[in-house]
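So you can see what is in the structure, the chains are spelled out below.
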Amino acid sequence: MGDKANAHPGAAGRATAADHPASVRNVVLVGHSGSGKTTLVEALALTAGAVNRAGRVEDGGTVSDYDEIEHRQQRSVQLSLVPVDWDGYKVNILDTPGYADFVGELRAGLRAADAALFVVSASDGVDGSTRMVWEECAAVGMPRAIVITHLESARADFDDMTRTCAEAFGADDPDAVLPLYLPLHGPQGPDGHAPVTGLIGLLSQRLFDYASGERKESEPGPEQLPLIEEARNRLIEGIIAESEDETLMDRYLGGEELDFKTLVQDLERAVARGIFFPVLAAAPAAEGAKQGLGTVELLELITGGFPTPLEREAPTVTTPDGRARQVKACDPDGPLVAEVVKTASDPYVGRVSMVRVFSGTLRPDETVHVSGHGLADRGHEDHDVDERIGALSAPFGKQQRALTHAIAGDLACVAKLSRAETGDTLSSKDDPLLMEPWEMPDPLLPLAIQAHSKADEDKLSQGLGRLVAEDPTMRLEQNQDTHQVVLWCLGEAHADVALERLRSRYGVQVDVVPHKVSLRETFADRSAGRGRHVKQSGGHGQYAICAIEVEPLPGGSGIEFVDKVVGGAVPRQFIPSVEKGVRAQAARGVAAGYALIDIRITLLDGKAHSVDSSDAAFQTAGALALREAAVDARIHLLEPVAEVTVLVGDEYVGAVMSDLSGRRGRVVGTEQAGGNRTLVRAEVPEIEIGRYGVDLRSLSHGTARFNRAYARHEPMPAQLAEKIREQAQGNP
C-alpha cells in the first residue's frame, strides 16, 4: 500500500484491456459538491501518466467533466469513467456528481465499483448526504477509505478533520477510522498559514516530500519521529484489533516489534473486508509538477488495499422468465453477464452504453441479448431483444479508445446498442440472463412541459424517450386527466440539465408550464334533474326526456348507474343511451371541468317518441339531466391527498412537522428509525407538495428523504375550491 517503504514510482501510460480480474480495481469517488473529486481524478491521472498536464474545473479542462453543461456549471452532472494504469494494475476511477439531484449517477457508480473513496473537504467538513451514502455502503459491506482535500485552505486542520471523520463514519468503532500518514508543513506564509508539502508514513516511518513537484522519499529527522509516535501506536492497535491473527495483540502488548510487512498485509486485508477505513490526504499538483500531494499513496492504497473484482459476490441472476440461475463470481470464461450502468447519446456514433462485466468476456461485433425488466413504472417497458454490438472502447473524457475485449470485472463502453437502457443486462443470445436492477431514487419533482413550436412538437416524443432511456431516475408521464406531459425529476438542477439536454442534444425547445394535479368533483347531497332534448321542426326530429336522481357515495365507489324506470317510459333500447350520456357528462364535469366521481345516478322516468327518439337524443338528454341536477346541488371539488413518509434526523423533526402542517398536512404518526432519525408519517394534499423535495432538502440541510403515494381524493377547502371555479369560468 501507500505506506510501503520501497514504493514503485508508477507506471506511465494509458489504460489498456485487462487480461485477468486480479489486475483490475474499480473505485468510485464519493463526496459533496465542491469537495474536490474531479480535481482529485485529474491529479491521479497525472501521477499515473495518463495525462501530461492536469486540467482545472474552472477552465473546463478536466478529463472527467467533458460535457458542455459541466463546463458551464463548473460541476459534475454525470457519472464518468477515467481508467489509468498503475504498477501493472488497471484502475477504473469513477467520478460522480456531488449534488443531491444527481444521486442516480452516484448509485450507478456504486453499482459499478468494488470500493469507494470518500472525498472530504478540510474546509467544509462532512455533510449529511455524504453520511447517508456512507451508511448505504456500510449496509452492503463495501470497502471504503477517506481522503481529505483542500488542505491548502487557511482554516484547514488535518487532525481536526480526521477526528470529524471518525465521529461521522466510525460511530460504532472510532478506531476503525485512522490516518495512515500525517502531513508535513512547509514555512509559514504571510497569512500565517503553513502549506502542506509532504507526508510521513505512520507504519514505514518514512518521509514523502512533494515540494519539488514529484515525490521524494527520505528518512525522517530524529525530531520528527516523536511527533508521530502516538498516532502510530493507535494505528497499529487499530490494525491489530481487526487482524485475523489473534496472537498479534499479545505479541504487541508484550513489547515485540511487529514486522512491517505483517502490519501492511493485515491492513490491506482489513480494508478489503470493509472493516477498517484509512484516512489519507491529497492535493492537486502545482503548475509544472508531475505528481500531486498524496496521489502516489492513494494509488497504492487502491491497488494494494482495495479488493479485486474476484472478491465481490456474484450478482443475483435469473432467466428472463424468472428462474434462478447460479453464476460463478467474476469468471472470464463463464456465461456473459454485463450490466449497463450508464447510457449516453453521442452525435457521431449514436447511443453509447457503459457496462460493468460481471461474468464472461465481452468482445466487439458480437451479438448479445439485451434484457430490461422491472422499470415499467418509470416508462421503461420490459424488453428482450438480440442486438449486435459495435465497437468496444475505454472512455477517457470525450475520447473512446478501442478495446479488443472486456473481461469479467472490467468496465467498458459499447456502441450502437439501440435498445439498451441504463440498468439493462447484456448476456449471450443463446443463454439470456437478467440481473435485478439496483435501487434507484424516486423522482418526486414534477416538471410540466409543452413544445415551444410545431417543429419542436414533432421531435418532442423522441427526445423525451431518449432522455428517459439514459436516466432511469427520470420518469415520463402523459397525464390523461390534465393532458400535460410531465417529466418527474429529482430536483431543480436535475430538471435544468434535462431541459438543457433536450435543447442542445436533441434540438427540442420546450416551455415549462404550471403543473396541474388531477382534481375531481362530486355531489355533496342528493339532487334531481330533468333532461329535455326536443327538436321537432319538420322532417325527422329529436325527442328524448329523462328524469334522474343523483346521490353521493363513499369515496372510491366510482359512478353507479341504476335503472328504476317502470311502465316503459324510457324504451329498453335507450336506457344504455341515457347511461352513456350521463357518464360522458360526468367525465367532463359539471362545475369546474373535472371528472365526477363517487355518485349514484338513478334513472326514474322519461318520455320517448315513436319516430323522433334515438340513441343520440337520449345521450344528450342524459347529459342535460346531470347538468340540471348540479345546478341546485352543492358540488364539492376533490383534491388528491398523498401519504407522505419523511425520514429525517431527530434535530429536524419539529421543523418538518411544522412545515407539513403549513401545507395543510395531517401528521398521523412518528416512529424511531434508528441512527438518531425519525420516520414521520403524514397525509398532505398533492397540490401542496409539488416542490416539497426541494424545500425539504433546504429545511434538513440535505439529510432528509421522503416518499409519497396516492391515498384518496377528499373535499378541498371552500375558499380554494371557489378560486379554482372562478379560474375555470374565466373570471379574474
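Below is a summary of the structure that appears in this document. Source: prediction; values computed, not measured.

Observations concerning the packing of aromatic side chains
The full count for this structure, using the stated rule, is eight aromatic pairs. Geometrically, the ring pair formed by F118 and F169 is tilted, given 5.9 Å between the ring centres and 55° between the ring planes. With F118 in strand 4 (residues 115-121) and F169 in helix 5 (residues 158-169), this residue pair connects regions lying 51 residues apart in the sequence. A single burial state applies to F118 and to F169, both of which are buried. Plain terms: the ring middles of F574 and F618 are 5.0 Å apart, the flat faces sit at 20° to each other, and that makes the pair stacked. Here the residue F574 occupies a position in the loop between strand 32 (559-563) and helix 12 (575-588), and F618 occupies one in helix 13 (residues 615-631), the gap between them amounting to 44 residues. In this structure an aromatic cluster arises from ring pairing among F118, W134, F169 and F277. Directly above the ring of Y99 sits R75, whose terminal nitrogen or CZ lies 4.6 Å from the centroid. The ring of W134 carries R144 above its face, with NZ or CZ at 4.6 Å from the centroid.

Things to note about the pattern of salt bridges
Applying the stated criterion to the full structure yields 50 salt bridges. Here R705 makes a salt bridge to E136, at a shortest N to O gap of 2.9 Å. Residue R705 is located in strand 37 (residues 705-715), and its partner E136 is located in helix 4 (residues 128-139); the two are separated by 569 residues in the primary sequence. In this structure R705 comes out as partly exposed when scored by relative accessible area, which is 36%. The salt bridge partner of R323 is D321, with a shortest N-O separation of 3.3 Å. The same class applies to R323 as to D321, namely exposed. Through salt bridges with shared partners, one network takes in E492, D659, R663, R691 and D695.

So, the sheet that holds strand 24 (residues 434-435)
An order of 13-12-24 is seen for the three strands of this open sheet, with the pairing classed as antiparallel. A strand with exactly one partner marks an edge of an open sheet, and here the two such strands are strand 13 (324-325) and strand 24. Across two bridges, strand 12 (residues 317-318) lies against strand 24 in antiparallel orientation. Across the sheet, V317 pairs through a bridge with M435, a residue of strand 24.

Brief notes about the sheet that holds strand 20 (residues 399-402)
Read across the sheet, eight strands follow the order 18-17-23-14-15-22-19-20 without closing on themselves; strand pairing throughout is antiparallel. Of all the strands in the sheet, the pair left with one neighbour each is strand 18 (383-388) and strand 20. Direction aside, the axes of adjacent strands within the sheet are offset by 40° on average. Relative to strand 23 (residues 425-428), strand 17 (residues 367-372) runs antiparallel, the two sharing four bridges. Directly across from S371, in strand 23, lies its bridge partner T425. In the packing of helix 3 (residues 103-112) onto the sheet, the strands contacted are strand 14 (337-346), strand 15 (350-359) and strand 22 (411-415), and the crossing angle to strand 14 comes to about 145°. Helix-sheet contacts for helix 10 (residues 454-470) involve strand 14 and strand 15, and the interaxial angle to strand 14 is about 140°.

Quick look at the environment of R572
Here R572 shows up in the loop between strand 32 and helix 12. Those residues in contact with R572 that sit more than four places away from it in its chain are D563 and V565.

Some thoughts on the nonpolar core
Counting 101 residues, the largest nonpolar core has L40, L94, L117, I146 and F169 as its most contacted members. Excluding residues that lie within four positions of it along the chain, I146 makes contacts with L117, F118, V120, W134, C165, F169, V177, P278, V279 and L280. Grouped together as the second largest cluster of nonpolar side chains are 27 residues, F561, V565, I599 and A617 included.

What counts, and at which threshold
- Just so you know, the residues in each chain are numbered from 1, in the order the chain's sequence is written.
- Given that this is a predicted model, residues contribute local features only at a pLDDT of at least 70 and side-chain atom pairs are listed and counted only at 80 or more, while totals for whole chains, interfaces and linings are drawn from all residues.
- Note that the side-chain values use all heavy atoms of the structure and ignore hydrogens as well as water.
- The criterion for an aromatic pair is that two Phe, Tyr or Trp rings (for Trp, the six-membered ring) have centres within 6.5 Å, with stacked assigned to planes under 30 degrees apart, edge-to-face to planes over 60 apart and tilted to the rest.
- Runs of H or I in DSSP of at least four residues are treated as helices and runs of E of at least two as strands, each being numbered from the N terminus.
- Partly exposed residues are those whose accessible area sits between 20% and 50% of the maximum for their type, while under 20% is buried and over 50% is exposed, using a 1.4 Å probe and protein chains only.
- We count a charge as sitting over a ring when the NZ of a lysine or the CZ of an arginine lies within 6 Å of the ring centre and within 35 degrees of the ring normal.
- For this document, the term salt bridge refers to a Lys or Arg side-chain nitrogen within 4 Å of an Asp or Glu carboxyl oxygen.
- We call two strands paired when DSSP finds no fewer than two bridges between them.
- Only the stretch in contact is used when a helix axis is fitted, and all axes are lines through C-alpha atoms; the angle between N-to-C directions ranges over 0 to 180 degrees.
- Residue contacts are counted whenever heavy atoms from the two residues lie within 4.5 Å of one another.
- Joining through side-chain atoms within 4.5 Å is the link that ties buried Ala, Val, Leu, Ile, Met, Phe, Trp, Tyr and Cys residues into a set, and such a set is a nonpolar core.

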